[in-house]
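# Fold and geometry: a report
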Amino acid sequence: MAISKKAGKKTAVKSAGTAKVAKADWKEGFKKKQVGVSDMTLLTTISNDSINDNLQKRWTNGEIYTYIGGVLISVNPFRDLGIYTDETLHKYKGKNRLEVPPHVFSIAESAYYNMNAYHENQCVIISGESGAGKTEAAKRIMQYIAAVSGGVDNSIQEIKEMVLATNPLLESFGCAKTLRNNNSSRHGKYLEIMFNDKGEPIGAQITNYLLEKGRVVGQIENERNFHIFYQFTKAASEDQREQFGLQGPESYAYTSMSNCFEVQDIDDSKDYADTLNAMKIIGLSNQEQNEIFRMLAVILWLGNVQFAEMDDGNATIADTGVTDFIGYLMEVDSAMVQKVLTSKVVETQRGGRRGSVYDVPLNPAQATAGRDALAKAIYNNLFEWIVARINVSMKARSATAQVIGILDIFGFEIFEDNSFEQLCINYVNEKLQQIFIELTLKTEQEEYVREQIKWTPINYFNNKIVCDLIEERKPPGIFAALNDACATAHADPAAADNSFVQRTAMLSSNAHFESRGAQFLVRHYAGDVMYNIAGMTDKNKDALVKDLFDLVGSSSNQFLQTLFSDRPDPSSKKRPPTAGDRIKVSAGALVDNLMRAQPSYIRTIKPNQNRSATEYDTKAILHQIKYLGLQENIRVRRAGFAYRNSFDKMVERFYLLSPSTSYAGEYTWQGDAKSGCERILKDTGIAKDEWQMGVTKAFIKNPETLFALETMRDRYWHSMAARIQRAWRNYWRYKNECARRIQKFWKNNKDALEYAKVRDYGHQVLAGRKERRRYSLLSYRRFLGDYLDVNGKSIIGSDLRSICSLGAEQVTFSSKVQILVHKAFRSSKCSPRFLVVTAKAVYIVKTLEKGSQIVERKIPLITIKSISMSNLRDDWLALNCNASEEGDPVLHCYFKTELTANLLTLTQAGMNVLIGPTIEYAKKKDKTQIKFVKDETIAKDDVYKSHTVHVPSGEPPSSTSRPAAKRKPGIVRPITQGRLLRAGGPSNKPNASRPKPAAQPMPGRSVPSATVKSALGSAPRSVPPPPTRNPVPPPPPPPLKEPDVELYKAKFAFEGQEGEISLKKDDVVELIEKDDNGWWLVKKDEQEGWAPNNYLELVPPKTKAVPAARLPPPRPPPPPAIVATSTSVSTSRPTAPVISVKSVSADASAKPVAVFPGLAPSNGSAAPWKKPISASANESLNTTPANSRPSSSLASKPPPPVAAKPKPVPPPVASKPNGGKLPAKPPIPTAPRPGAGAAPPKISTVSKPSAPTGQLDLAAAFAKRAQRVADD
Ligand SMILES: Nc1ncnc2c1ncn2[C@@H]1O[C@H](COP(=O)(O)OP(=O)(O)OP(=O)(O)O)[C@@H](O)[C@H]1O
Ligand SMILES: [Mg+2]
């Protein structure tokens, strides 16, 4: 039972919750309402009457198609319903039968789909009474397949046209008007369309069954001969008329005896043109066509040969003009024609040896029979030649992968006078019914039992008993009995018939047979048929007398010779096969052929005998419902499983649906096919009662389930493609983001390195010589230098710069300090000052009472000889300068260590650091001292009073700062949003990801057509072996390319807010990322921020200069000389500071960027301690990999419109992102109508984004803040 395909895939399923109910379509109301049930498995009561009711309702409503599961029931409408248009056809394309109303196109679609999907040959078996619509259905299937099977190739189009052209051609030669059907197929036909592995038709083949040749020589009243005779006699060209002496159909006995020349709805002249066109499409040459028509003319003229009875009772040719013309047409001696038609050669046999040969004259009846036999033989052979010729033209152009067969065979017949022909026709119908029973009822039920599927047997009539009655050899059936009768009384037909009558008595034991003298009755599945025995044996013998063969053999017409090329060997003792033998063999071959394919059934029903579009003959239909076994069909279908397939095939088709059986498209299941199949069905979440596992096959209850599996399979490919795309995009994003973070991290650390060098150097200078403040030991603090942001843009910083008249000079250190101010006759006092240090001088800035500031003192560095400080934990220091009026400044500075390191670095350690219990300094011109005493009563810092500083005990001089607080991992921003990467970036536990299972060979992987496939050269699909590692290491990656940096210029000034960047007109910025919403992320002076893209215009790229090689760091200067004073505690000079990389490198386990998540701006740009762009920073920029920015979907978009001139009003801002010799032609006879993707470090100028707000204990404050951030 054919199951078609996937369920609908039209609309994407919306996620639950957010899904909106689709708006109802008003057109629904205009749709024709379906009547009854479209699938009779849904009938509430299953009886012949309820089936009939349903069919009647539907037929009356113009719905001629109804299903029983996958079987299509079609009731002939006898009118044009307009349901075979291209529009209707395309509605069925790619749809499974549940999605669309029942239709013959749906059966065609299902066969075509299944062939392609399961690589199995398909067949469509169309059965039903004569006139029920089999031929029409077959034509629609061909129409559908030709329309959907694609192929732009000329040869494919040619095959399609040929297949369609076989219909008019074979209908002309094989169909005739009968009492039941105006276009009754008088032969059976099995058309097989061959397809390549892409599902394109590449060839076709027709097998012809049982042409009713008796029709050529006679028809019953109101029936006609084959259509071609009327087409030819009515519409032949003048040339043909002249050549073949052709006249109208009424002039020939064979076409006029039944007195029927016209048929309603048939235009013979038009059909003749169609026939000629079809011959042309199929490739019949003019010569071949001419020969075909010559044969038709021979037959027509043969029919007009009249025999007169002579006195001796023998026959004589009434008009030798006719036989002369026949001789001319057959290209034989006309005398021989006369002789052959009126006498026969009889050879006596003696003891098996040849004896004397006699010419025995024939009586008129015998002569007429001989004449008709010749006419029938010519037509039959001509028909077979045409079929064979068609097959030559439609020969497969390339290797055949699969085949779809369409069986349109004559329908079951019951006439008043039923003879051998009806017996054969009805026999073939019995065989087809048996296939149906076998596959839908018997085999199905037996399969359930065999597969141990729970099953309650359903009774049905098995017609095997009737088939056996006709075809069995032992005990002999009807055909065997006929053969025996022919063999025993071969010379006398009447005697043979009698012999057969006697033999029929032996068949009477069969309940389906009744012998009734000269008749016998067979109870067929479709009804009881009474057959007349007279002439039966002769028809079964179906042999031309030897004389007729000799006549044909004497012909110089090559075509005629070809038609009779298969003449029996007269010397052979072997009995030539009888007609019964042949039909048995061909029916058997047909059954075998059909059984090898996956069948689809169309059961046609004829609603009345009058070709009426309105008459519903309930009795006749009930009869058909009964014998077609529709009721049993529904019961079995309802109780059974819609689909089953072997475990191998199921696994092969659906292994992709389970992660347990597949990995990246490979089959990975290691168990057997059965367990794999079960796993798949479980993993797909199909309800358990929807499927059962048999012994060798899996069974699926409802077709919807199979469709669902097919849909899942379809989606698998789509989602895999999407996954690959997503993974690729993620990879590129990830790669670029990683590169960006690495660059940023490096830049930040590089800056931090500079600061750390200053710090470490400072601590080394003072190490072991001066007590330390407790807070300074808390953690490493970076020495930032310019605490007052003189290098930056803060107000205080700018003021100081201008007061000190620094110009572009960079400040290396700035801080608030206290200075000891000496007043005459009064004790010295502390007063606040600003201290600014540049590479040239130290500035002391004083704030006057009015708030204005002045440079109180500028001390060139060169004049500072030494720095003096105590060995206690105080913050005092004196800058010992060359003698001057102002004396040496004595400062109280919290950043004394940093200041010292700064000054030493600036002077290349060109000043001494004096440390002792006292500080000596020049007060004006006099030298004086400040004493330092420990005083634990001092609560905070230290206190100066009368040349003495009271300071509580500090930490020992040997104490070292605690290492920087370990950063907590913090919240790491995900690098990508894709599902393929874990949040926060790839896991550092690779084992956590699913291990890749090894590919497994597919169980019992079938090769649909082994011979054919190998001929194609395409090896059957096999699962590749698991990948092996390449022992050769891969080549090193190519060097990184210089990055492509797009620069943009600001067309207008833009005042940025938080997260945005402020731009001045003509500012050049670097593009980091383009966002669809009109905002771009840009970078200017190492600062990143969003800016409206319509404010920016692209700067044409310049040729980049080769970046200068980076200079090695300067050699460390000699360590600063320590001049020991009498009070000096340490005389050793500090060794040159060796900066351990470890001391400044980041924690290896720390994640980039998230190191100080709270301190970084939201866009992840510069850290607070970040240095402004410097030569080294530029260099690191140049190392940015090509395409380091994430690819933007807008990359291919046209640039935004650029205003010709800057307008006074800036553009609106988008909302922010987120040859031969012939005897002379005799005169044409008048045809009578007889019967019718470590030295002191060189200080770089450091800027700080924002001015500090206070300076109480900054070191402590910074340490606290770092700790707080880390805690966050
Ligand atoms: N689907 C249909 N729509 C309209 N008319 C139809 C349809 N099917 C059949 N007919 C009409 O019924 C006539 C008989 O159909 P068809 O020739 O297919 O019968 P058949 O089953 O092949 O009979 P036979 O066994 O005698 O060849 C057609 O010529 C056509 O007029
Ligand atoms: Mg037909």
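Located above this text is the structure these notes cover.
Just so it is clear, the model here is predicted, and its values are computed rather than measured. (Residues numbered from 1 in each chain as written. Chains lettered and ligands numbered in written order. Predicted model: local features only at pLDDT ≥ 70, side-chain atom pairs only at ≥ 80, totals over all residues. Heavy atoms only, no water.)

## Notes on the overall build of the protein
What the protein contains, in helices and strands, is 33 helices and 38 strands. Out of the 1272 residues in the protein, the part that is buried amounts to 50%. On the protein, roughly 60800 Å² of surface is accessible, and the fraction owed to carbon and sulfur atoms is 54%. (Helix = DSSP H or I, 4+ residues; strand = E, 2+ residues; numbered from the N terminus. Buried < 20%, exposed > 50% of the residue type's maximum accessible area, 1.4 Å probe, protein only. Areas by Shrake-Rupley, 256 points an atom, 1.4 Å probe, with all protein chains shown as cover.)

## Some points on the coordination of the magnesium ion (ligand 2)
Taken together, Thr 135 (OG1) and Ser 185 (OG) make up the protein donors of the magnesium ion (ligand 2), found 2.0 to 2.1 Å from the metal. Separated by 50 residues along the polypeptide, Thr 135 in helix α4 (residues 134–148) and Ser 185 in strand β5 (residues 184–185) bring together distant segments of the chain. Its relative accessible area of 13% is what places Thr 135 among the buried residues. (Donors = N, O, S within 2.8 Å, 3.2 Å for Na, K, Ca; no water.)

## So, the environment of Phe 226
Here Phe 226 lies in the loop between α6 (214–217) and α7 (227–235). Separated by 49 residues in sequence, Phe 226 and Lys 177 place their C-alpha atoms 7.6 Å apart.

## Points about the sheet that holds strand β34 (residues 1047–1050)
In spatial order, the strands read β37-β36-β35-β34-β38; together these five strands make up an open sheet with antiparallel pairing. At either end of the open sheet lies a strand with only one pairing partner, and these are β37 (1087–1092) and β38 (1096–1098). Across the sheet, the axes of successive neighbouring strands diverge by a mean angle of 45°, strand direction being ignored. Judged from the four bridges that link them, strand β35 (residues 1068–1074) and strand β36 (residues 1079–1084) form a sheet pairing that is antiparallel. Within the sheet, the bridge partner assigned to Lys 1074 lies in β36 and is Trp 1080. (Pairing = 2+ DSSP bridges. Axes fitted to C-alpha atoms, helices over the stretch in contact; angles between N-to-C directions.)

## A word on the packing of helix α10 (residues 268–282) against helix α11 (residues 286–303)
For any two helices packed against each other, the geometry comes down to the angle between their axes and how far apart the axes lie. For the pair α10 and α11, the least separation of the axes is 10 Å and the interaxial angle reads 135°. In terms of their interaxial angle, α10 and α11 are classed as oblique. Pair α10 / α11 crosses with right-handed handedness. Mapping the contact onto sequence places Tyr 272, Leu 276, Met 279 and Lys 280 in α10 and Gln 289, Ile 292 and Phe 293 in α11. For the contact of α10 with α11, the per-class residue count stands at five nonpolar, one polar and one charged. (Parallel < 35°, antiparallel > 145°, perpendicular 65-115°, else oblique. Left-handed = near helix turned anticlockwise from the far one by under 90°. Contact = heavy atoms within 4.5 Å. Nonpolar A, V, L, I, M, F, W, Y, C, P; charged D, E, K, R; others polar.)

## A closer look at the site of ligand 1
Close to ligand 1 lie 19 residues, the nearest being Ser 130, Gly 131, Lys 134, Ser 184 and Ser 185. A distance of 2.9 Å separates an oxygen atom of ligand 1 from a polar side-chain atom of Asn 181. Contributions of two or more residues to the shell around ligand 1 are made by α4 and β5. For the shell around ligand 1, the element with the highest residue contribution is α4, accounting for three residues. Classifying every residue of the shell around ligand 1 by side-chain character gives five nonpolar, ten polar and four charged. (Near = heavy atom within 4 Å. Polar contact = N/O pair within 3.5 Å; in protein donor to acceptor, adjacent residues only side chain to side chain.)

## A short note on the pairing of strand β31 (residues 926–934)
In terms of strand pairing, strand β30 (residues 918–923) meets β31 through six bridges, oriented antiparallel. Bridging across to β31, Tyr 921 finds its partner in Thr 928. In this antiparallel pair of consecutive strands, β30 and β31, the connection spans two residues, and Lys 924 shows a positive phi of 55°. Direction of pairing for β31 relative to strand β33 (residues 948–951): parallel, over a ladder of four bridges. Across the sheet, residue Lys 931 finds its bridge partner in β33, namely Thr 948.

## Topic: the sheet that holds strand β13 (residues 513–516)
The strand order β13-β14-β15 describes an open sheet built from three strands, whose pairing is antiparallel. Edge strands, defined here as strands with exactly one partner in the open sheet, are β13 and β15 (527–532). Each strand axis lies, on average, 20° off the axis of its neighbour in the sheet, ignoring direction. Lying over the sheet, helix α16 (residues 464–471) contacts β13 and β14 (519–524), oriented at roughly 150° with respect to β14.

## So, the packing of helix α5 (residues 154–174) against helix α14 (residues 364–393)
As a packed pair, α5 and α14 sit with axes 11 Å apart at the nearest point and diverge in direction by 180°. Taken together, the axis directions place α5 and α14 in an arrangement best described as roughly antiparallel. Contact residues: Met 162, Thr 166, Leu 169, Leu 170, Ser 172, Phe 173 and Gly 174 in α5; Tyr 379, Leu 382, Phe 383, Ile 386, Val 387, Ile 390 and Ser 393 in α14. For the contact of α5 with α14, the per-class residue count stands at ten nonpolar, four polar and no charged.

## Some details on the pairing of β37
The element β37 is largely enclosed, with a buried count of five among its six residues. Strand direction decides the pairing type here: β36 and β37, joined by six bridges, are antiparallel. Within the sheet, the bridge partner assigned to Leu 1081 lies in β37 and is Trp 1090. Between β36 and β37, which follow one another and run antiparallel, lie two residues, and Asp 1085 among them has a positive phi close to 45°.

## A word on helix α17 (residues 478–488)
The buried count for α17 comes to eight of eleven residues, which makes it a mostly enclosed element. When α17 is considered as a whole, its buried residues turn out to be Ile 478, Phe 479, Ala 480, Ala 481, Leu 482, Asn 483, Ala 485 and Cys 486.

## Some thoughts on the side chain of Asn 181
Counting through the fold element by element, Asn 181 comes out in the loop between β4 (175–176) and β5. Under the relative-accessibility criterion, Asn 181 is labelled buried at 19%.

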